[in-house]
Amino acid sequence: MDMDIQMHRGSYSGLGADVCVVVIGRNEGQRLIDCLNSLKNHRERTIYVDSASSDGSVEAAAKLCAEVLPLDMAIPFTAARARNAGFDAVMQRWPDTAFVQFLDGDCELDTRWIATATTFLVMRKDVALVFGDRRERHPDRTIFNAMCDREWEGPPGEVPACGGDILIRASALKDLGGYSNELIAGEEPELCVRLRERGWKIWRLPCEMTRHDADISRLSQWWRRSVRCGHAYAQVSHLHRKSPSRIWTRNFRRAVFWGGLVPLAAIFGTVLDPVGLALLLAYPLQILRLAFRTASKPGDRWIFATFDVLGKFPEMQGIAQFYVNRLINRQQRIIEYK
């Protein structure tokens, strides 16, 4: 029987004794407390890395995990830097660690996940990291949460990249020198590029992993999150522009085309002839095409398709920010949406 099917049915008990957990967060409030409480007996080998929270997160976390590590904010903060700091602290305190579970502070970990994930990595020596299903805690609360929930979906098996919540071999991460500190977003897929270049595989397991709380209730939050995505497309694809993986090249080109080239062509075309405005009809046609390709409920598919198209404009903004920053030699600060 296929190993993934066996694990999905709960046939494996798992290990987990040599697992440590790194949680990162900034002003997550009750979400962080829920996150740490979900770790149960793993809290004794958990390090929480805080990025200048002002909501009492440091004090609350100190009661719920082994160590709290506040980052020096004189150095620009990135999630990658926080993960690296947590990993370094884990390896200093528990050098025998074989696997590290990385977890965002707005997520709750499924109680069965670590046992399932460690068992898989013990059996599959060619796999560097695993992740499972990440679901939104309140997908019906706002359309933005629903879009995040859809974003987390994917088929199980070997995949090219992962998100922030993963269980990884400590040796593999150490050999690579950790995450890329300078990336303000997209550090996880970028790490996967380097892992695959070393011959490692990335695997998605068909089981529950985490519950995430995006807590996006306003259009402005969705816009900033999409700007961050666009910046990540530009920064990571530029970093690996010579790599055969061509990571995020298609995402980058789609954002540039729909968020930049089409509106510019319509504007300049209208200067020559008012019929140039007809180019803007490409947007409703694209929404129509995407709606019929989306496997969602009839009402949702039109909303998802519309936001998929609208999202190309903030993504283009993020791409433009990346190249402007490169031109003037300025470092981009993190783009927060909460």
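Given the structure is predicted, the values throughout are model-derived calculations rather than measurements.

K.L.:
Got a minute to help me understand the overall build of the protein chain in this structure?
P.N.:
Looking only at helices and strands, the protein chain has 13 helices and 9 strands in total. For the protein chain, whose C-alpha radius of gyration is 21 Å, the value lies close to the compact-globule estimate of 20 Å for 338 residues. Judged by the C-alpha coordinates and their principal axes, the protein chain covers about 70 × 50 × 40 Å. Scored against the burial criterion, the 338 residues of the protein chain give a buried share of 51%. When contacts within the protein chain are restricted to residue pairs at least 6 apart in sequence, long-range pairs at least 24 apart make up 74% of them. With an accessible surface of roughly 16,300 Å², the protein chain has 56% of that area assigned to carbon and sulfur atoms. Across the protein chain, 45 positive and 40 negative side-chain charges occur, with their mean positions spaced 4 Å apart.

K.L.:
Sorry, what's going on with the nonpolar core here?
P.N.:
What tends to happen in soluble globular proteins is that the nonpolar side chains get buried as a cluster. Formed by 62 residues in total, the largest nonpolar core has its most connected members in Val23, Phe102, Trp113, Leu129, Val130, Ile168 and Leu195. For this core, the element with the highest residue contribution is helix α4 (residues 79-93), accounting for 8 residues. Excluding anything up to four places from it in sequence, Leu195 contacts Ala128, Leu129, Ile168, Ala172, Leu176, Trp200 and Ile202.

K.L.:
I'm lost on a positive patch on the surface in this one. Help?
P.N.:
Taken together, the side chains of Arg250, Arg254, Arg289 and Arg293 present a region of like positive charge at the surface. The set of elements that each furnish at least two residues to the positive patch consists of α10 (249-272) and α11 (282-293). Structurally, Arg254 can be placed in helix α10.

K.L.:
Is there a simple way to think about the pairing of strand β8 (residues 166-169) in this case?
P.N.:
Regular strands place their side chains on alternate faces of the sheet. Covered by surrounding structure in β8 are Ile166 and Ile168 together with Leu167 and Arg169, the residues of both alternating faces. Bridge count between strand β4 (residues 99-104) and β8: 4 bridges; the pairing is antiparallel. Bridge pairing in β8 links Gln101 to Leu167. The pairing of strand β6 (residues 127-136) with β8 spans 2 bridges and is classified as antiparallel. For Leu129, the partnering residue across the bridge sits in β8 and is Ile168.

K.L.:
Can you walk me through the pattern of salt bridges in this structure?
P.N.:
Pairing of side chains with opposite charge becomes possible as their charged atoms draw close. In the structure shown here, the tally under the stated rule is 25 salt bridges. Ionic pairing is found between Asp96 and Arg45, a salt bridge with its closest N-O pair at 3.7 Å. On the criterion of sequence distance, the pair formed by Asp96 in the loop between α4 and β4 and Arg45 in the loop between α2 (30-37) and β2 (46-50) is long-range, its members being 51 residues apart. Taken together, the shared-partner salt bridges in this structure form one network comprising Glu28, Arg31, Asp106, Asp213, Asp215 and Lys338.

K.L.:
Can you help me understand the packing of aromatic side chains in this one?
P.N.:
Any two aromatic rings considered together are summarised by their centre-to-centre distance and by the angle between their planes. Tallying each qualifying case throughout the model produces 13 aromatic pairs. Measuring from centroid to centroid gives 5.2 Å for Tyr233 and Trp248, while their planes differ by 70 degrees, and the two rings are edge-to-face. Taken as a pair, Tyr233 in helix α9 (residues 219-239) and Trp248 in the loop between α9 and α10 lie far apart in primary sequence, 15 residues in all. Judged by relative accessible area, which is 13%, Tyr233 ranks as buried. With a centroid separation of 6.3 Å and an interplanar angle of 65 degrees, the aromatic rings of Phe252 and Tyr323 are classed as edge-to-face. Of this pair, Phe252 sits in helix α10 while Tyr323 sits in helix α13 (residues 312-328), placing them 71 residues apart in sequence. On the basis of relative accessibility, which here comes to 35%, the residue Tyr323 falls in the partly exposed class. Ring-pair connections join several aromatic residues into one group, and the members of that group are Phe144, Trp222, Trp223 and Phe307. If you follow Arg83 out to its NZ or CZ, it ends over the ring of Tyr179, 5.7 Å from the centre.

What counts, and at which threshold
- Residues numbered from 1 in each chain as written.
- Predicted model: local features only at pLDDT ≥ 70, side-chain atom pairs only at ≥ 80, totals over all residues.
- Heavy atoms only, no water.
- Helix = DSSP H or I, 4+ residues; strand = E, 2+ residues; numbered from the N terminus.
- Rg over C-alpha atoms; globule rule 2.2 N^0.38 Å.
- Buried < 20%, exposed > 50% of the residue type's maximum accessible area, 1.4 Å probe, protein only.
- Contact = heavy atoms within 4.5 Å.
- Areas by Shrake-Rupley, 256 points an atom, 1.4 Å probe, with all protein chains shown as cover.
- Lys, Arg positive; Asp, Glu negative; His and termini not counted.
- Charge placed at Lys NZ, Arg CZ, Asp CG, Glu CD.
- Core = buried A, V, L, I, M, F, W, Y, C linked by side-chain atoms within 4.5 Å.
- Patch = residues over 30% accessible without salt bridge, like charges linked within 9 Å, V, L, I, M, F, W, Y side chains within 5 Å.
- Salt bridge = Lys/Arg side-chain N within 4 Å of Asp/Glu carboxyl O.
- Pairing = 2+ DSSP bridges.
- Phe/Tyr/Trp six-rings, centres within 6.5 Å; stacked < 30°, edge-to-face > 60°.
- Lys NZ or Arg CZ within 6 Å of the ring centre and 35° of its normal.

Everything listed here is a matter of coordinates, which is why it stays silent on function.
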